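Chain residues, written in single-letter form:
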Amino acid sequence: GAGVSQSPRYKVAKRGQDVALRCDPISGHVSLFWYQQALGQGPEFLTYFQNEAQLDKSGLPSDRFFAERPEGSVSTLKIQRTQQEDSAVYLCASSARRGLAYEQFFGPGTRLTVL
Amino acid sequence: QKEVEQDPGPLSVPEGAIVSLNCTYSNSAFQYFMWYRQYSRKGPELLMYTYSSGNKEDGRFTAQVDKSSKYISLFIRDSQPSDSATYLCAMSEYTGGFKTIFGAGTRLFVKA
């Protein structure tokens, strides 16, 4: 079957614009994670969903960042009033397991550039 | 100080060499230890995971965890040019929880 897909793959935004990044997890996976990966760094945890419930959003850097997964499948990460420091690759991962984080399957990421 | 420290490299080795990649960490609550491989412009893919201390072998790859020293290693035997990638160590606590902490990644180049 298909892996995790993300769209768009590349996004260029002007500072102050709102953006929405989409993640389609592997079908049936209950856990979904969002990460932010800056250039030359490892992924940094943003938020976690178990089905439609957002159980951990402690990694979201500010209240401009918002994530949802209303039907427990597709997820959207929204960034309002983008800033240059938001430029990064945003990775989505899904897992068939609840909670335990080691069997994550990652998507290719969305590369966001804020001008 | 970061929770997980990893030398970013780059590390350049000839084909066939044994590669040693390492991470240190400060959080003694970490119980799950993972190694991911990431090719350019791709998402990370899981290579190996280990629970608690010990060794685990899978083909040309061996993962070691020394919790007393807070040190983990990944060894690659008979390295191939196709192994050229960034290798990320990652760790998480056994709380049913959700947060995985990644190292910065080591860039590896295997020369033919």
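Refer to the preceding data block for the structure.
Residues numbered from 1 in each chain as written. Chains lettered and ligands numbered in written order. Predicted model: local features only at pLDDT ≥ 70, side-chain atom pairs only at ≥ 80, totals over all residues. Heavy atoms only, no water.

Trainee: Explanation requested: the overall build of chain A in the structure shown.
Mentor: On a plain count of helices and strands, chain A comes out with zero helices and 11 strands. Taken over the C-alpha trace, chain A has a radius of gyration of 13 Å; the compact-globule value for 115 residues is 13 Å, and the two agree within 12%. The principal-axis extent of the C-alpha atoms belonging to chain A is close to 40 × 25 × 25 Å. The proportion of buried residues among the 115 residues of chain A is 49%. A sequence separation of at least 24 residues applies to 55% of the contacts in chain A between residues at least 6 apart. A total of about 5500 Å² of accessible surface is found on chain A, and carbon and sulfur atoms cover 47% of it. Averaging the locations of the 13 positively and 11 negatively charged side chains of chain A gives two centres separated by 5 Å. (Helix = DSSP H or I, 4+ residues; strand = E, 2+ residues; numbered from the N terminus. Rg over C-alpha atoms; globule rule 2.2 N^0.38 Å. Buried < 20%, exposed > 50% of the residue type's maximum accessible area, 1.4 Å probe, protein only. Contact = heavy atoms within 4.5 Å. Areas by Shrake-Rupley, 256 points an atom, 1.4 Å probe, with all protein chains shown as cover. Lys, Arg positive; Asp, Glu negative; His and termini not counted. Charge placed at Lys NZ, Arg CZ, Asp CG, Glu CD.)

Trainee: Is there a simple way to explain the pairing of strand β7 (residues 61-66) of chain B in this structure?
Mentor: The side chains of a regular strand alternate between both faces of the sheet. Residues and elements named next belong to chain B. Note that strand β6 (residues 54-58) and β7 share five bridges and pair antiparallel. Each residue of the ladder has a partner; that of N55, found in β7, is Q64. Counting the residues in the hairpin turn of β6 and β7 gives two residues, including G59, whose phi is positive at 65 degrees. Here six bridges tie β7 to strand β8 (residues 71-76), and the two strands are oriented antiparallel to one another. Its bridge partner lying in β8, Q64 is registered against S73. (Pairing = 2+ DSSP bridges.)

Trainee: I would appreciate a short explanation of the state of the cysteines in the present structure.
Mentor: Two cysteines joined by a covalent bond between their sulfur atoms form a disulfide. Residues and elements named next belong to chain A. Applying the stated criterion across every chain, the model contains two disulfides over all chains. Disulfide partner of C23: C92, at an S-S distance of 1.8 Å. Judged by the torsion about the S-S bond (-60 degrees), the C23/C92 disulfide is left-handed. Within this pair, whereas C23 is found in strand β3 (residues 19-24), its partner C92 is found in strand β9 (residues 88-95), the two being separated by 69 residues in sequence. In this pair, the class of C23 matches that of C92, namely buried. (Disulfide = S-S within 2.5 Å.)

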